[in-house]
Amino acid sequence: MDENYRTWPIPGGRAVMPQRWSELLFAHWPVAPEVLQPLMPAGLKLDTFDGMAWVGVVPFLMSQVRPYWIPSLPYISHFAELNVRTYVTLDNKPGVYFFSLDANNRLAVAAARVWYHLPYFRARMSVQKVGDEIKYSSERTHPGYPTGTFSGTYRPTGAVFHSQPDTLEHFLTARYCLYSVHQGKIYRGEINHVPWPLQPAEADLKINTVAQSHGIELPDTAPHLLFSRSIDVLAWSIRQVK
């Protein structure tokens, strides 16, 4: 695979987990960095575009999720996921920081919390595809954590394109690692995939309180919307950032 789309090399060693992400909506809102920074763990620097931080609400479907050494399994490997995220950078490696990742798969939630130190939460979710339109609903049900609800429909509205460097679309999607924090230590999980096949999108978001559940008030403006039908991803084990 040509690596020119990346800003640092693909990590050495074998990826531990292939997976496919499908029917994604990237819904993003600009937020002043000084508003978001108090919610960030020490050591992670907010990444900004034109002086603004960005908060994303991203519903999609996960499939073919498995360790390399076992086959894909019907319930374990396929589930819905909804994440709330922002963008950070460390050691010149821009990545994603998650406030939450809601999923309707108890095993996946438990495994990701232990192995990747990610804030996964159990949720009641429903996803229906009607033509090009996706109907998506999620209600967090994880005991001991604030509820967060998402309900809406979305669909692509234009041709597939690839983002170009120095554009907002590239800033929001060209991220080849994630960051998590556990007991005050920062971890990085490398991923790789081809450049995102993106499409412009429209959405009718009837309920969207998942960001608010983390104390994040989204601005009362229309979100920046992108859609992606499907992408295959390779993930490596997390490593502590020294």
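Whatever comes next refers back to the structure up there.
What you are looking at is a predicted structure, and each value in this text was computed from that prediction instead of being measured.

Basis of the calculations
Here the residue numbers are simple positions, counted from 1 along each chain's written sequence. Totals for whole chains, interfaces and linings use every residue, but because this is a predicted model, local features are given only for residues with pLDDT of at least 70 and side-chain atom pairs only at 80 or more, for both listing and counting. The basis for every side-chain value is the complete set of non-hydrogen atoms in the structure, without hydrogens or water. Centres within 6.5 Å make a pair out of two Phe, Tyr or Trp rings, where for Trp the six-membered ring is used; the pair is then stacked when the planes are under 30 degrees apart, edge-to-face when over 60, and tilted otherwise. Secondary structure is summarised from DSSP: a helix means a run of H or I of at least four residues, a strand means a run of E of at least two, and numbering begins at the N terminus for each. For every residue, the accessible area (1.4 Å probe, protein chains only) is compared with the maximum for its type, and the residue is labelled buried under 20%, exposed over 50%, or partly exposed between those bounds. We define a nonpolar core as any set of buried Ala, Val, Leu, Ile, Met, Phe, Trp, Tyr and Cys residues linked to one another through side-chain atoms lying within 4.5 Å. Residue contacts are counted whenever heavy atoms from the two residues lie within 4.5 Å of one another. The criterion for strand pairing is that DSSP finds at least two bridges linking the strands in question. Only one rule defines a salt bridge in this text: a Lys or Arg side-chain nitrogen within 4 Å of an Asp or Glu carboxyl oxygen. Here a polar contact means two N or O atoms within 3.5 Å. Within protein one must be a hydrogen donor candidate and the other an acceptor candidate, and residues neighboring in sequence count only if both atoms are side-chain atoms. Relevant arc is that of directions from the helix axis to the C-beta atoms, nothing else.

## Let's talk about the packing of aromatic side chains
The final tally for this structure, using the stated rule, is ten aromatic pairs. Centroid distance Tyr-87 to Phe-171: 5.9 Å. Interplanar angle 70°. Geometry classified as edge-to-face. Here Phe-171 lies in helix H3 (residues 168-173) and Tyr-87 lies in strand E4 (residues 79-90), a separation of 84 residues in the sequence. For the pair formed by Tyr-87 and Phe-171, the shared burial category is buried. When the centroid spacing of 6.3 Å and the interplanar angle of 50° are considered together, the rings of Tyr-154 and Phe-227 count as tilted. Here the residue Tyr-154 occupies a position in strand E8 (residues 149-156), and Phe-227 occupies one in strand E12 (residues 224-235), the gap between them amounting to 73 residues. The burial state of Tyr-154 is the same as that of Phe-227; both residues are buried. Through a chain of ring-to-ring contacts, three or more aromatic side chains come together here, namely Trp-21, Phe-26, Phe-60 and Trp-196.

## Points about the nonpolar core
With 38 residues, the main nonpolar core has Leu-36, Leu-44, Leu-82, Phe-99, Tyr-136 and Tyr-179 as its most contacted residues. With near-sequence residues (within four places) excluded, Leu-82 lies in contact with Val-57, Val-58, Pro-59, Ser-100, Leu-101, Asp-102, Met-125, Tyr-136, Ser-138, Phe-150 and Val-210. By size, the runner-up hydrophobic cluster in this structure holds 35 residues, among which are Phe-79, Val-109, Tyr-116 and Leu-118.

## Describing the pairing of strand E11 (residues 199-208)
Sheet topology places E8 next to E11; seven bridges connect them, and they run antiparallel. Paired with Gly-152 across the strands is Leu-205, a residue of E11.

## Here we look at the pattern of salt bridges
Evaluation of the coordinates by the stated rule reveals twelve salt bridges. Between Glu-139 and Arg-124 there is a salt bridge, and its shortest N-O distance comes to 3.2 Å. In this pair, Glu-139 sits in strand E7 (residues 133-140) while Arg-124 sits in strand E6 (residues 120-130), placing the two residues 15 residues apart along the sequence. Overall, the relative accessible area of 35% leaves Glu-139 in the partly exposed class.

## Describing the side chain of Ser-180
Take Ser-180: it is sitting in strand E9 (residues 177-182). There is a polar contact of 2.9 Å between the side chain of Ser-180 and the backbone oxygen of Tyr-116.

## Considerations on helix H2 (residues 106-115)
Every α-helix carries 3.6 residues per turn, so stepping three or four residues along brings you back to the same face. Among the residues of H2, those classed as buried are Ala-108, Val-109 and Ala-112. For H2, the buried positions fall inside an angular range of 100° around the axis, keeping them on one side. Residues Arg-106, Val-114 and Trp-115 are exposed on H2 and point more than 90 degrees away from its buried face. Sitting at the amino-terminal end of H2 is Asn-105, which places a side-chain oxygen 3.1 Å from the backbone nitrogen of Leu-107. At the C-terminal side of H2, His-117 shows a positive phi close to 55°.

## Notes on unusual backbone geometry
Here the phi dihedral of Glu-23 falls at roughly 55°; this positive angle occurs in a residue that is not glycine. As for its position among the elements, Glu-23 is in strand E1 (residues 17-31). The backbone of Asn-92 shows a phi angle near 60°, a positive value even though the residue is not glycine. Mapped onto the elements of the fold, Asn-92 is located in the loop between E4 and strand E5 (93-103). Given the relative accessible area of 72%, Asn-92 is considered exposed.

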